[in-house]
Amino acid sequence: MDRDKILLTPGPLTTTLRTKLAMLKDWGSWDADFNAVTASVRKSLLAIVHGADSHVVVPLQGSGTFSVEAAVATVVPRDGHVLVLDNGAYCKRAARLTSLMGRRCTLLPFDEAQPVSVAATEAALRADPSITHVVLIHCETGAGVLNPLQPIADLCERLGRGLIVDAMSSFAALEIDARKTRFDALVAASGKCLEGVPGMGFVFIRRAILDGCAGNSQSLAMDLHDQYVYMEKTTQWRFTPPTHVVVALHEAIAQFEAEGGQPARLARYQRNYETLVRGMAALGFQPFLDPAVQAPIIVTFHAPADPKYDFKTFYAAARARGFILYPGKLTTVETFRVGCIGAIGPDEIEQAVHAVALTLQDMGITSAAPAA
Ligand SMILES: *Cc1c(COP(=O)(O)O)cnc(C)c1O
């Protein structure tokens, strides 16, 4: 079978042929044509969050985590104190990298099946005036929970604390409007809801704090202030750019705009999500989250209670039918995840559900219902 497998994973994800074809050309990093592509991508990214007046956008080589690390290192002074609102695996990763960057870090733990609590965050901030910054994961891709960005942003503004948002799996799908929502830094990447290929992240930094970020970073490669200043001066990336990733993202953004931008992307993902949950429910699968707190980005399902179930076998059989599922990331219960994002629609999701049904049949599982 020479057709690409459908990736039901939260990045890398399935991209269009047009996006893939954009990579069939070599570009010089000094070349004016390539630097015009970078400039166009940056302009489009700022437009997506309506941030041209209030923010700059700084692209960075690497996977999304590189940009989260760079945002913390660049925005938080070395003697800063970061409060990470923790309801999942990506929150814990953000806390770990914050500590490794040498910043004081406090975790505020929450249930991974629930959004973080604004009231508890307010209490923690009032109790400890030494906290300078809050880190919020917008969509916690670990379980798929949507966190309350607007109330947390309002709270940070009211209490005079900085806010760093990891919007990796929500940016371009869920609404983020810099005119309404105040953040110091917001991080996303090429290979998520913009449906580009992985290899670069980007960080929106509030103009009002930009100058004050000079010299914060103890890392050369992760210094977004330095990257910004160099890029503004020369139009070039500081170090070798991921040229093919940038041109693929440029092409992916053109398709995003033609589709109707963020509202249209959200609508398609919402249809994917509904098709998925309905189809899987008919097989007995039960989502881990209450639909009220679920983002239409990635769905965590309970593993079937049937003793014949085993994720490795399940994964391999679905893979043989052309669909790549994703393991669970929860510590307490056995689960697996299915992404709703990527250049796919309800037809592909229905085919995926059908593949899962045949897979269950192969495994001799008659109902995928979880343990009571
Ligand atoms: C994908 C993702 C990241 C970045 O992960 P990488 O593997 O470094 O690309 C960070 N945070 C969230 C919430 C994500 O979904």
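All values derive from a computational prediction rather than experimental measurement. (Residues numbered from 1 in each chain as written. Predicted model: local features only at pLDDT ≥ 70, side-chain atom pairs only at ≥ 80, totals over all residues. Heavy atoms only, no water.)

This part is about the sheet that holds strand S11 (residues 298-302). Strand order in the open sheet formed by three strands is S11-S14-S13, with antiparallel pairing between adjacent strands. Each edge of the open sheet carries a strand with a single partner, namely S11 and strand S13 (326-327). In terms of strand pairing, S13 meets strand S14 (residues 335-339) through two bridges, oriented antiparallel. Following the sheet pairing, Tyr326 is matched in S14 by Arg337. The strands that helix H10 (residues 261-282) touches are S11 and S14; relative to S11, the one it contacts most, it runs at about 10°. (Pairing = 2+ DSSP bridges. Helix = DSSP H or I, 4+ residues; strand = E, 2+ residues; numbered from the N terminus. Contact = heavy atoms within 4.5 Å. Axes fitted to C-alpha atoms, helices over the stretch in contact; angles between N-to-C directions.)

For the rest of this paragraph, the subject is the nonpolar core. Membership of the largest hydrophobic core comes to 57 residues, with the highest contact counts inside it found for Leu45, Leu163, Phe171, Leu194 and Phe204. Considering every element that reaches this core, the biggest residue donor is helix H9 (residues 243-259), with seven residues. No fewer than three residues from each of domain 1 (6-10 + 261-363) and domain 2 (17-258) sit in this core. Look past the residues within four positions of Phe171 in its chain and what remains in contact with it is Leu45, Ile48, Val49, Ile176, Leu186, Ala188, Cys193, Leu194, Phe202 and Phe204. Residues Ala71, Val72, Val82 and Ala189 belong to the second largest nonpolar core, which totals 31 residues. (Core = buried A, V, L, I, M, F, W, Y, C linked by side-chain atoms within 4.5 Å. Buried < 20%, exposed > 50% of the residue type's maximum accessible area, 1.4 Å probe, protein only. Domains from an automatic or database assignment.)

Glancing now at the environment of Ile341. Take Ile341: it is sitting in the loop between S14 and helix H12 (346-363). Among the residues examined, Ile341 registers a relative accessible area of 0% and is labelled buried. Linking Ile341 and Pro10, residues 331 residues apart in sequence, is a C-alpha distance of 6.6 Å. In this structure Ile341 touches Leu7, Thr9, Pro10, Leu13, Cys193, Tyr269 and Ile297, once residues within four positions along its chain are discounted.

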